[in-house]
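Close look at the chain arrangement
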Amino acid sequence: MTDTDEERTLFEAPPIAEQERMVEAILFASTEPVTVADLVQRMPHGADPAEALVYLRKRYEGRGVNVVKVGDAWAFRTAPDLGFLMRRETVETRKLSRAAIETLAIVAYHQPVTRAEIEEIRGVAVSRGTIDQLMEMEWIRLGRRRMTPGRPVTFVVTETFLDHFGLESARDLPGIKELRAAGLLDSRPGPSFGASRDGAEEDEATSGQSELFED
Amino acid sequence: MTDTDEERTLFEAPPIAEQERMVEAILFASTEPVTVADLVQRMPHGADPAEALVYLRKRYEGRGVNVVKVGDAWAFRTAPDLGFLMRRETVETRKLSRAAIETLAIVAYHQPVTRAEIEEIRGVAVSRGTIDQLMEMEWIRLGRRRMTPGRPVTFVVTETFLDHFGLESARDLPGIKELRAAGLLDSRPGPSFGASRDGAEEDEATSGQSELFED
Amino acid sequence: MSDAPPQAAPAAEDWTAPELLSPTERMAAEALIVDVDGFEGPLDLLLTLSRTQKVDLRRISVLQLAEQYLGFVERARTLRIELAADYLVMAAWLAYLKSRLLLPPEPGEEGPSAEDLAAHLAFQLERLQAMREAAARLMARDRLGRDFFARGLPEGVSLHRKVSYDATLLDLMRAYARIRTKDEFRPFVMDREHVFTMEQALERMRGLIGYAGDWADLTTFLPEGWDATPMARRSSTAAHFAAVLELAKRGQLVLRQGETFAPIQIRRVPS
């Protein structure tokens, strides 16, 4: 291939449109951004890649990929507004933990309610993570501070919460008596209850619940 | 989120020019060819990437990079006439043995083809290593088993093979039509000289030939 | 590549009329034999030899080809070169084919004719040649990574995993109900005070069997104090009944009952 070098000097530089094609191909195939000096070296003798780049850059304006300058080198990059195409989101649905659903229930039935009150009702401490999770899901939010010593914050449920559960307002939630009448609540302890109840606050919570109410 | 799907249907699909930009960005970003199904999944609801591809392909005709079809997938590839500019990017490919090259061609032109058929055509046993090497390069893969006694496995070429040789499909293999017209791609059974002819190929060949006769 | 295997090609050109070989031709012929390892089997060798006929493969003389091959094998033998078994098998088959082609067919002969066999061999050679040429054309194509290129700087798709939590109104209400009613619950403890187990009864009855030489009511075997409350009586009766069934099964005693609800009687099986 050494004689092509000699040949090249015998010919005129390729037309600018052809040079543009060349720059396009080189930028596309290179594993890193390419400097103009590098382009000069790789293209036929007499080529003017800097000029070709001007045309190429213009050609890709507003396209799905653009010619961008990285330091003093050039590269193709996806148009910034199409970045979302380069992300693939997978959504995984999980059941809320027992602690979270209980905390949520207490907020819904007792709002506005302080953290200390939630803990009193549940009989166990409420972890920071549980509250954070519910806040992040936008199912609860901060209400007014309670006008008592220490001015503790309170929690209330959100519109998103009502939306999700198909409620007009938190007052529409059925009371204990109604729950019992609807058969959702059987106050008589089943024999399995003692065993399963204190089991764990973890994942088994949901399966535990169904057992509980299905007799 | 399930409700985003609902939301999406509330909006019109983006205009085709915008879809073209999206396909452009996705294909540009990927080294591997991308299937239309994959494009559909990644683009907004209601988009028609197949149509956008028609426009995109036309747009890049004669450019330094082209939109090429590889099996069911699409990719950007530099124009073949500019290969000389890219010598620097050339990846040294392993040199294939003559046996490997012939075996590859037989798989490509006769696919799906059994090992016994390859041996019948070459008149010599195919070494394990040859098949392994081609499989490792992802140029051939297992096809369906042949529904003949012994249910032998068959080999077919892959999309990687098509991509490597710049073929849209195996139908575009050079000279395949002429070869077929000349009857050279028929698996024509020998007039029962299998038993006397190749003792060296032993059981494999003899059992293989019965398959051969059955299609 | 499309013409011939590189090692064998020059030799093959000079492979006609072995009797008239010049010294250089002879050396070339010997080189062909020495290079037998360079051939990919007998069919490859036949294809190389067939080229010396300088005709289209479709018009090849199989008889002449058979003679060439047999001449090759003969010369290999005089040079004391060991040929692989498949070359010899091919030689034997070609010798057979040659005789079939030269002799008139025997009347009533079955199987394919010599012409059919020859035609198929010619077909195989043509097909192998065609595949060689196809392979060469394939390898000469523009190739990815050599003549055309993929994106050098791919922008990968980043994966974002989003977890969404879900709960139903029922979950919510049940959770609340559980909290609000938990004071009403007490852990359930099995009341074992008035339970007589079958194991206990079996243990007891083993010791008492000896006294049941004659038919006796099961109730007379119940432990003392276990008829005080209905629950204790039920439990001990059930346990002892189960125990005597077990003993009857083991063949240690028999039991009978006159009619429904009549007293159950037991008796030891005399050993």
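Notes on the structure follow. Since this is a predicted model, take the numbers as computed values, not measurements. (Residues numbered from 1 in each chain as written. Chains lettered and ligands numbered in written order. Predicted model: local features only at pLDDT ≥ 70, side-chain atom pairs only at ≥ 80, totals over all residues. Heavy atoms only, no water.)

Let's talk about the overall build of chain C
Put simply, the rule is: Note on conventions: DSSP H or I runs of at least 4 residues are helices, E runs of at least 2 residues are strands, and numbering of each starts at the N terminus. Burial classes follow relative accessibility: with a 1.4 Å probe on protein chains only, a residue under 20% of its type's maximum area counts as buried, one over 50% as exposed, and anything between as partly exposed. Working rule for contacts: check all heavy atoms of both residues, and any pair within 4.5 Å makes them a contact. Areas reported as accessible are Shrake-Rupley estimates using a 1.4 Å probe. Residue values count occlusion only from the protein chains shown.
Looking only at helices and strands, chain C has 9 helices and 4 strands in total. The linear arrangement of helices and strands in chain C, starting from the amino end, is α-α-α-α-α-α-β-α-α-β-α-β-β. Here chain C, with 271 residues, has 42% of them falling under the buried criterion. Looking at chain C alone, contacts between residues at least 24 apart form 60% of all its contacts between residues at least 6 apart. Accessible area of chain C: about 15,100 Å², with a carbon and sulfur share of 54%.

So, the overall build of chain A
Within chain A, the regular secondary structure consists of 11 helices and 7 strands. Within the span of chain A, comprising 215 residues, buried residues form 41% of the whole. In chain A, 48% of the contacts between residues at least 6 apart in sequence involve partners at least 24 apart. Split by element, the accessible area of chain A, about 12,000 Å² in all, is 50% carbon and sulfur.

Brief notes about the pattern of salt bridges
Condition: Here a salt bridge means any side-chain nitrogen of Lys or Arg lying within 4 Å of a carboxyl oxygen belonging to Asp or Glu.
One pass over the full model with this rule turns up 31 salt bridges over all chains. Close ionic contact of Glu24 of chain B with Arg63 of chain A constitutes a salt bridge, the shortest N to O distance being 3.0 Å. Separated into two different chains, Glu24 of chain B in helix H2 (residues 16–29) and Arg63 of chain A in the loop between helix H4 (49–59) and strand E2 (65–70) make up a pair that spans both. Accessibility expressed as a relative area gives 10% for Arg63 of chain A, which makes it buried. For Arg122 of chain A, the salt bridge is made with Glu102 of chain A, and the minimal N-O distance between the two is 2.9 Å. Of this pair, Arg122 of chain A sits in helix H6 (residues 115–122) while Glu102 of chain A is found in helix H5 (residues 98–110), placing the two residues 20 residues apart along the sequence. Since its relative accessible area comes to 3%, Arg122 of chain A is described here as buried. Several salt bridges share partner residues, and in doing so they unite Arg98, Glu102 and Arg122 of chain B together with Glu40, Asp44 and Arg132 of chain C into one network.

A look at the interface of chain C and chain B
Test applied: Defined here as a combined quantity, buried area equals the accessible surface (1.4 Å probe) lost by two parts on assembly, summed across both.
Taken together, the contact pairs 46 residues of chain C with 60 residues of chain B. Around 4,600 Å² of area is buried between chain C and chain B when both sides are counted, 63% of it from carbon and sulfur atoms. Taken as a group, Arg127, Met131 and Phe149 of chain C account for 15% of the area that chain C buries against chain B, more than any other trio of residues on that side. At the junction of chain C with chain B, the criterion picks out 4 salt bridges. Note that Glu102 of chain B is salt-bridged to Arg132 of chain C, the shortest N-O span being 2.3 Å.

Structural notes on the sheet that holds strand E3 (residues 253–257) of chain C
Residues and elements named next belong to chain C. Selection rule: The rule for pairing is simple: two strands pair if DSSP sees at least two bridges between them. Inter-axis angles, ranging from 0 to 180 degrees, are taken between N-to-C directions of lines fitted to C-alpha atoms, where helices are fitted over the stretch in contact.
Reading across the sheet, the 3 strands line up as E2-E4-E3 and stay open at both edges, with antiparallel pairing between neighbours. One side of each edge strand has no neighbouring strand; the edge strands of this open sheet are strand E2 (216–217) and E3. Here E2 runs beside strand E4 (residues 264–268); their pairing, made up of 2 bridges, is antiparallel. If you follow Ala216 over to E4, its bridge partner there is Ile266. Along the sheet, helix H9 (residues 230–249) contacts E3 and E4; its crossing angle with E3, the most-contacted strand, is approximately 125°.

A closer look at the interface of chain B and chain A
Many structure descriptions define interface size as the accessible area lost when the parts assemble. Selection criterion: Think of a polar contact as two N or O atoms within 3.5 Å of one another; within protein, one of them needs to be a possible hydrogen donor and the other a possible acceptor, and neighboring residues in sequence only count if both atoms come from side chains.
Listed by partner, the interface residues are 33 residues for chain B and 35 residues for chain A. For the pair chain B and chain A, the two sides together bury roughly 2,800 Å², of which 54% comes from carbon and sulfur. Inspection of the region where chain B meets chain A yields 6 salt bridges. In this structure, Arg63 of chain A and Glu20 of chain B form a salt bridge, with 3.1 Å as the shortest nitrogen-oxygen distance. Connecting chain B to chain A are 15 residue pairs in polar contact (both at pLDDT 80 or more). In terms of residue count, H2 of chain B provides more of the side of chain B that touches chain A than any other element does, 9 residues in total.

Quick notes on the environment of Arg63 of chain A
In this structure, the C-alpha to C-alpha distance between Arg63 of chain A and Thr78 of chain A, residues 15 residues apart in sequence, is 8.8 Å. The contact partners of Arg63 of chain A, leaving out residues within four places of it in the chain, are Ala79 of chain A together with Glu20, Arg21, Glu24, Leu56 and Arg59 of chain B.

Overview of the pairing of E4 of chain C
All names here are of chain C. Where E3 lies against E4, 5 bridges are found, and the strand directions are antiparallel. The partner of Leu253 across the bridge, within E4, is Arg268. Here E3 folds back onto E4 in antiparallel fashion, the turn holding 6 residues, of which Phe261 has a positive phi close to 70°.

Structural notes on the packing of aromatic side chains
Rules: By convention, a stacked pair of Phe, Tyr or Trp rings (six-membered ring in the case of Trp) has centres within 6.5 Å and planes under 30 degrees apart, an edge-to-face pair has planes over 60 apart, and any other such pair is tilted.
Taken as a whole and assessed by the stated rule, the structure comprises 12 aromatic pairs over all chains. Ring geometry for Phe28 of chain A and Phe76 of chain B: centres 6.3 Å apart, planes at 65°, overall edge-to-face. Placement of the pair is Phe28 of chain A in helix H2 (residues 16–29) and Phe76 of chain B in strand E3 (residues 73–78), with the two residues belonging to separate chains. Within the aromatic cluster, the residues linked to one another by ring pairs are Phe28, Tyr60 and Phe76 of chain A together with Phe28, Tyr60 and Phe76 of chain B.

Regarding the packing of H2 of chain A against H4 of chain A
Residue and element names in this part refer to chain A. Worth spelling out the cut-off: With respect to orientation, any angle under 35 degrees is reported as roughly parallel, any angle over 145 as roughly antiparallel, any angle of 65 to 115 as roughly perpendicular, and every other angle as oblique. Gly is placed with the polar residues, together with every amino acid not listed as nonpolar (Ala, Val, Leu, Ile, Met, Phe, Trp, Tyr, Cys and Pro) or charged (Asp, Glu, Lys and Arg).
Contact geometry of H2 with H4 gives a least axis separation of 8 Å together with a crossing angle of 75°. What the angle tells us is that H2 and H4 run roughly perpendicular. Across the interface between the two elements, Ile16, Gln19, Glu20, Val23, Glu24 and Leu27 of H2 pack against Pro49, Glu51, Ala52, Leu53, Tyr55, Leu56 and Arg59 of H4. Split by residue class, the contact of H2 with H4 holds 8 nonpolar, 1 polar and 4 charged.

Quick word on the environment of Arg57 of chain B
All names here are of chain B. Mapped onto the fold, Arg57 is located in helix H4 (residues 49–59). When its relative accessible area of 28% is taken as the criterion, Arg57 is described as partly exposed. Spatially, the C-alpha atoms of Arg57 and Phe76 are 9.4 Å apart, while their sequence positions differ by 19 residues. Beyond its immediate stretch of four places on either side in the chain, Arg57 contacts Val67, Lys69, Trp74 and Glu168.

Focus: the sheet that holds E3 of chain B
Residues and elements named next belong to chain B. The 3 strands lie next to each other as E1-E3-E2, forming an open sheet whose pairing is antiparallel. Of all the strands in the sheet, the pair left with one neighbour each is strand E1 (34–35) and strand E2 (65–70). H4 contacts E2 and E3 of the sheet and is inclined by roughly 135° relative to E2.

Any functional reading would require information beyond the geometric quantities listed.
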